[in-house]
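Structure assessment
For reference, the chains in residue letters:
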Amino acid sequence: MSAAQIPAGLRELLLGYTVEVLRRRPSDLVEFAVQHFTEILEGQRNDQKNKQISKQKQTGVTFQKKSSEPNKDDEEEEEEETIKTISSKYSRRVSVCSEPYNPDDDEDDDAEPRVVHPKTDEQRRRLQDACRDILLFKTLEQEQFSQVLDAMFEVLVKPQEHIIDQGDDGDNFYVVQMGVYDILVQKDGLSVCVGKYDNKGSFGELALMYNTPRAATIIAAQEGALWALDRATFHRLIVKNNAKKRKMYEAFIECVPLLKSLEPTERMKIVDVLGVRVFKDGDCIITQGEEADCFYIVESGEVKIMIKSRDSGLFVSQMEDDTEVEVACCSRGQYFGELALVTNKPRAASVYAVGQTKCLVIDVQAFERLLGPCMDIMKRNISHYEDQRVALFGFSIDLRD
């Protein structure tokens with residue numbers, strides 16, 4: 001059965017609609033969708049007309065309308081009235097939803113000077129603490145993350161100060177260091193509070209990523225402090241970097257034998273949740289006996305898998321107690337850490353980095369949600385692990401119990 005192909009432009013089309021829904025919060029999603037896509041269609045038709053007119057001017061050809069046809073001005077007035085009727089209910093500006101920022105359209109800007117806002121050691125420590133759990137920063141390499149921290153600047157706010165206003169152009173991305181911030185959106189002419197940021201979180205990325213106006217107003221409920229990153233640096237260090245990394249990981253995931261059975265859309269979902277961890281030579285990645293929290297795929301380098309002799313049933317006279325025995329190794333494209341997740345048991349072995357090693361990481365929740373189709377393959381591998389124990393120690397331990 002051939003894999004379904006996503007039509008070109010579908011993702012951008014749906015993203016544009018989703019952004020407008022979040023911004024306008026219409027009461028009738030279906031009617032709003034009709035209005036939204038009608039405007040897009042009208043825009044495309046107008047573009048085609050303009051191209052035809054331009055082509056006629058270039059070739060010096062004009063076409064005479066027959067006198068029996070309706071008056072062109074009357075047609076245009078009718079068309080204009082129709083568009084006004086459709087758009088008046090939500091008062092949308094046609095220019096509001098511009099094209100999403102496309103990192104592929106930018107030229108290579110690695111040579112651009114780094115933006116650095118000086119910080120004290122205490123400020124940088126506070127900034128690192130605030131950014132630790134920000135999802136957008138999770139896929140950045142350490143050097144890139146350091147550049148982001150260098151480029152961010154502190155913003156101190158007073159009670160009732162507007163940080164961003166709905167409908168404005170996006171200028172900065174904000175990370176909350178401290179304070180409470182109300183989220184308000186315009187609904188039926190009234191400003192409605194739909195949530196708040198309480199001493200943590202981030203906001204403002206939507207307008208920067210998709211070149212749309214602000215989808216909500218953010219007001220400080222008390223004195224607070226934010227860290228801001230300007231639009232240009234946000235595009236260069238985060239959006240463009242994440243786009244490059246996504247393409248790279250999509251290509252890498254296609255080469256992982258375990259994941260080849262997945263549909264393209266399923267592999268894309270895995271790319272969305274991937275984390276990255278880098279280990280130095282000898283670093284312990286997994287410790288035998290601990291609870292499992294994630295699954296690993298080796299992107300570069302190598303790891304060795306070790307089992308303690310005591311837990312393997314060897315006599316102390318044969319081997320020193322707690323001595324670890326190497327049972328396997330994994331290199332690029334191979335995976336480990338799935339056994340404890342499949343069996344819901346503690347880690348059955350320890351894993352150490354051999355040289356500089358980079359691993360892609362999927363947490364336990366995403367593992368259970370996205371890797372269901374691969375579960376049979378991983379369960380079959382359990383018998384392979386048992387065979388390894390028999391070869392090394394002369395007996396097997398049932399890993400399924």
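Everything in this summary refers to the structure shown in the same document. Since the model is a prediction, treat every value here as computed from it, not as a measurement. (Residues numbered from 1 in each chain as written. Predicted model: local features only at pLDDT ≥ 70, side-chain atom pairs only at ≥ 80, totals over all residues. Heavy atoms only, no water.)

Regarding the sheet that holds strand β2 (residues 162-164)
Sheet strands associate in pairs through backbone hydrogen bonding, adopting either a parallel or an antiparallel arrangement. Ordered in space as β2-β7-β4-β5, the four strands form an open sheet in which the pairing is antiparallel. The sheet is open, and its two edges are formed by β2 and β5 (190-198), each paired on a single side. Each strand of the sheet is rotated relative to its neighbour by a mean of 30°, with strand direction disregarded. Bridging between β2 and strand β7 (residues 217-220) involves two bridges; their strand directions are antiparallel. Bridge assignment links isoleucine 164 to a residue of β7, and that residue is isoleucine 218. (Pairing = 2+ DSSP bridges. Helix = DSSP H or I, 4+ residues; strand = E, 2+ residues; numbered from the N terminus. Axes fitted to C-alpha atoms, helices over the stretch in contact; angles between N-to-C directions.)

Remarks on the packing of aromatic side chains
Following the criterion strictly, the structure yields nine aromatic pairs and no others. On the numbers, 6.0 Å between centres and 55° between planes, the contact of phenylalanine 137 with phenylalanine 145 is tilted. You'll find phenylalanine 137 and phenylalanine 145 in the same group, each marked buried. Between tyrosine 174 and phenylalanine 203, the aromatic rings sit 5.4 Å apart at their centres with planes inclined by 25°, giving stacked as the arrangement. One end of the pair, tyrosine 174, is in strand β3 (residues 172-178); the other, phenylalanine 203, is in strand β6 (residues 202-203), with 29 residues separating them in the sequence. These aromatic residues form a ring-pair network of at least three members: Phe137, Phe145, Phe173 and Phe234. (Phe/Tyr/Trp six-rings, centres within 6.5 Å; stacked < 30°, edge-to-face > 60°. Buried < 20%, exposed > 50% of the residue type's maximum accessible area, 1.4 Å probe, protein only.)

Considerations on the packing of helix α5 (residues 142-151) against helix α7 (residues 231-254)
Put simply, α5 and α7 touch, their axes get as near as 10 Å, and they point 160° apart. Looking at the two axes, α5 sits roughly antiparallel to α7. In the crossing of α5 with α7, the sense of the turn from one axis to the other is left-handed. Mapping the contact onto sequence places Gln144, Gln147, Val148 and Ala151 in α5 and Thr233, Arg236, Leu237, Ile238, Asn241 and Lys245 in α7. Broken down by class, the residue content of the contact of α5 with α7 amounts to four nonpolar, four polar and two charged. (Parallel < 35°, antiparallel > 145°, perpendicular 65-115°, else oblique. Left-handed = near helix turned anticlockwise from the far one by under 90°. Contact = heavy atoms within 4.5 Å. Nonpolar A, V, L, I, M, F, W, Y, C, P; charged D, E, K, R; others polar.)

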